[in-house]
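Here are the chains, one letter per residue:
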Amino acid sequence: MRNFLILARWCVMAWLGVAGAAHALQPLTTPAELKTLAEAGGVRIVDVRDAEAYALQHLPGAVSAPYARWRGQPANPGLVPPLKDLTALVQQLGLTPEQPTVLVYTGTDSTDFATAARAYWTLKSLGARQLSILNGGLNAWRAAGLPISNQAAHAPRSSWQPQFNPQWLATRAEVRQLLGSGKAVLVDSRPAPFFQGRIANDAAKARGTLPGAINIDSDLYFELGSAVLLDKASLQTEADAAHAAPGQEVVTFCNAGHWSATDWFVRSELLGEKNVKLYPGSVIDWSQAPEPLPMANEPGRWDKLRDMLTTWADRNLHFIKTR
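Given the structure is predicted, the values throughout are model-derived calculations rather than measurements.

### Thoughts on the layout of surface pockets
Part 1: Estimated volume of the second largest pocket: approximately 190 Å³.
Part 2: Together, Leu-25, Pro-27, Tyr-120, Lys-124, Gly-127, Ala-128, Arg-129, Gln-130, Leu-131 and Glu-269 line the second largest pocket.
Part 3: Residues belonging to the lining of the second largest pocket are distributed by class as follows: 5 nonpolar, 2 polar and 3 charged.

### Here's the deal with the pairing of strand E2 (residues 44-47)
For a regular strand, side chains alternate in direction, first toward one face of the sheet and then toward the other.
Part 1: Of the two faces of E2, the one holding Arg-44 and Val-46 and the one holding Ile-45 and Asp-47 are both buried throughout.
Part 2: As judged from the 4 bridges shared by E2 and strand E4 (residues 101-104), these two strands associate in the parallel manner. Within the sheet, the bridge partner assigned to Ile-45 lies in E4 and is Val-102.
Part 3: As paired elements, E2 and strand E3 (residues 63-64) share 2 bridges and run parallel to each other.

### Considerations on unusual backbone geometry
With the exception of glycine, most residues fall at negative phi, and the peptide bonds are largely trans.
Part 1: If you check the backbone angles, Ser-282 has positive phi at about 55° while not being a glycine.
Part 2: By the secondary structure assignment, Ser-282 is in helix H11 (residues 282-287).
Part 3: Phi at Asn-297 takes a positive value of approximately 60°, unusual for a residue other than glycine.
Part 4: With respect to the element layout, Asn-297 can be found in the loop between H11 and helix H12 (301-321).

### A closer look at helix H4 (residues 83-92)
Part 1: Inspection of H4 places Leu-86, Thr-87, Leu-89, Val-90 and Gln-91 among the buried residues, and these make up the whole buried set.
Part 2: Where H4 ends, the next residue or the one after it, Gly-94, has phi of about 70°, a positive value.

### Section: the pairing of strand E8 (residues 249-253)
Part 1: Here E8 lies mainly inside the structure; 4 of its 5 residues are buried.
Part 2: Direction of pairing for E8 relative to strand E9 (residues 276-278): parallel, over a ladder of 3 bridges. Paired with Val-250 across the bridge in E9 is Val-276.

### Brief notes about the sheet that holds E4
Part 1: Taken in spatial order, the 5 strands make up an open sheet running E1-E5-E4-E2-E3, and their pairing is parallel. Pairing within the sheet leaves two strands with one partner each, and these edge strands are strand E1 (28-29) and E3.
Part 2: The sheet contacts of helix H5 (residues 110-126) involve E1, E4 and strand E5 (131-134), and relative to E5 the element is tilted by about 175°.

### Remarks on H5
Side chains of residues three or four places apart in an α-helix project in the same direction, reflecting 3.6 residues per turn.
Part 1: A rise of 1.5 Å per residue sets the reference length of H5, with its 17 residues, at 24 Å; its end C-alpha atoms lie 24 Å apart and thus fit the reference within 8%.
Part 2: Along H5, 15 of the 17 residues are buried, which leaves the element largely enclosed by surrounding structure.
Part 3: The distance from a side-chain oxygen at the start of H5 to the backbone nitrogen of Thr-111 is 3.2 Å, and the residue carrying that oxygen is Asp-109.
Part 4: Immediately downstream of H5, the backbone of Gly-127 shows phi near 115°, a positive value.

### So, the packing of aromatic side chains
Two aromatic rings, taken as a pair, are described by how far apart their centres are and by the angle between their planes.
Part 1: If you walk through the whole model with that rule in mind, you get 7 aromatic pairs.
Part 2: Their ring planes at 55° and their centres at 6.3 Å tell us that Tyr-120 and Trp-264 sit as a pair that is tilted. Taken together, the residues span a long stretch of sequence, with Tyr-120 in helix H5 and Trp-264 in helix H10 (residues 259-270) at a distance of 144 residues.
Part 3: Judged by relative accessible area, which is 0%, Trp-264 ranks as buried.
Part 4: With a centroid separation of 5.0 Å and an interplanar angle of 80°, the aromatic rings of Tyr-120 and Phe-265 are classed as edge-to-face. Separated by 145 residues along the polypeptide, Tyr-120 in helix H5 and Phe-265 in helix H10 bring together distant segments of the chain.
Part 5: Counting every residue linked through ring pairs, the aromatic cluster contains Tyr-105, Phe-113, Tyr-120, Phe-222, Trp-264 and Phe-265.

### Things to note about the packing of H5 against H10
Between two packed helices, what matters for the description is the angle formed by their axes and the separation of those axes.
Part 1: As a packed pair, H5 and H10 sit with axes 7 Å apart at the nearest point and diverge in direction by 65°. Here H5 runs over H10; the crossing is left-handed. Between H5 and H10, the residues in contact are Ser-110, Thr-111, Phe-113, Ala-114, Ala-117, Arg-118, Tyr-120, Trp-121 and Lys-124 and Trp-259, Ala-261, Thr-262, Trp-264, Phe-265, Ser-268 and Glu-269, respectively.
Part 2: By residue class, the composition of the contact of H5 with H10 is 9 nonpolar, 4 polar and 3 charged.

### Observations concerning the side chain of Ser-287
Part 1: Looking at where Ser-287 falls in the secondary structure, it is placed in helix H11.
Part 2: For Ser-287, the side chain forms a polar contact with the main-chain oxygen of Ile-284, separated by 3.1 Å.
Part 3: Setting aside its immediate chain neighbours within four residues, Ser-287 contacts Ala-204, Lys-205 and Ala-206.

### Examining the confidence of the model for the chain
Part 1: Per-residue pLDDT for the chain has a mean of 89; in total, 85% of the residues score no lower than 70.
Part 2: Note that pLDDT drops below 50 for residues 1-22; the model gives that stretch 0 contacts with residues more than four away or on any other chain.
Part 3: With pLDDT under 50 throughout, residues 318-323 is counted as low confidence; its partners more than four residues away or in other chains account for 1 contact.

What counts and how
Residues numbered from 1 in each chain as written. Predicted model: local features only at pLDDT ≥ 70, side-chain atom pairs only at ≥ 80, totals over all residues. Heavy atoms only, no water. 1 Å grid on protein atoms, 1.4 Å probe; cavity = no way out; pocket = protein on both sides within 12 Å on 5 of 7 lines; lining within 4 Å. Points joined across faces, edges and corners; volume = space filled by probe spheres on them. Nonpolar A, V, L, I, M, F, W, Y, C, P; charged D, E, K, R; others polar. Buried < 20%, exposed > 50% of the residue type's maximum accessible area, 1.4 Å probe, protein only. Helix = DSSP H or I, 4+ residues; strand = E, 2+ residues; numbered from the N terminus. Pairing = 2+ DSSP bridges. Contact = heavy atoms within 4.5 Å. Axes fitted to C-alpha atoms, helices over the stretch in contact; angles between N-to-C directions. Expected span 1.5 Å × (residues − 1). Polar contact = N/O pair within 3.5 Å; in protein donor to acceptor, adjacent residues only side chain to side chain. Phe/Tyr/Trp six-rings, centres within 6.5 Å; stacked < 30°, edge-to-face > 60°. Left-handed = near helix turned anticlockwise from the far one by under 90°. pLDDT = per-residue confidence, 0-100.

Here it is as structure tokens:
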């Protein structure tokens, strides 16, 4: 009889574990899955679009948290905001470490998806354990024929006091130490012209990329011209282009930790890679170091002059043609 009771107890515990796993959020959620979760109650839907877009339409019950609140100051926007600001944000949204949270973006393209990916990375670093992104965003929700709202929603304020976990973060100093060490693969998630040094973000003080980096444009992870991620096998094929060896870290970067947040999300959350970090400051932060740091693919004087003339010609000829 005693053995029977022990066996029964273990069966119940195993069933509860399976049931709990079945209800755990996956990193990506479909509109149908989110509809079911919302109807069951308990899920927090966080809209990371700007306030004006949120005011026009959003998912019913979604709370607003514009992307700018997840970012640093304009001069170096990729940096993580102060902990006190992030604490105020998560408390306002009613979040806790165990609160199931689904992030929603517009759903226009891969750049748009990255807003949700960066917010996801930030929340995970703060200690949130139940996170997901609505694959395809608001556009996918609408395409599924699901209702939208223009009534602002507010969550009961939480008392969460998060602590930032640097497990998934690479600092400028850490990246500098990794250069040439063979311990990490640096992945530049920007479109090729940035990597090649042909164009640069206005806030960057140098063109080109970090020494030894490889270029995997984050747009390659999406269905052509959409904000919907590819299937897992296709994602793996694209990610494998980094050729990371077992035990090597992968550090993703871009201009300001935006596109590279998507690369981090795909590798860490969807493909299960263990040693993936995001350099949030990215090239803007790297180029703003007090002492100039090495760059690869940095154009020479004549290349810069040629690019300036090309840009001037494009702008002025376009102006003349449109007059």
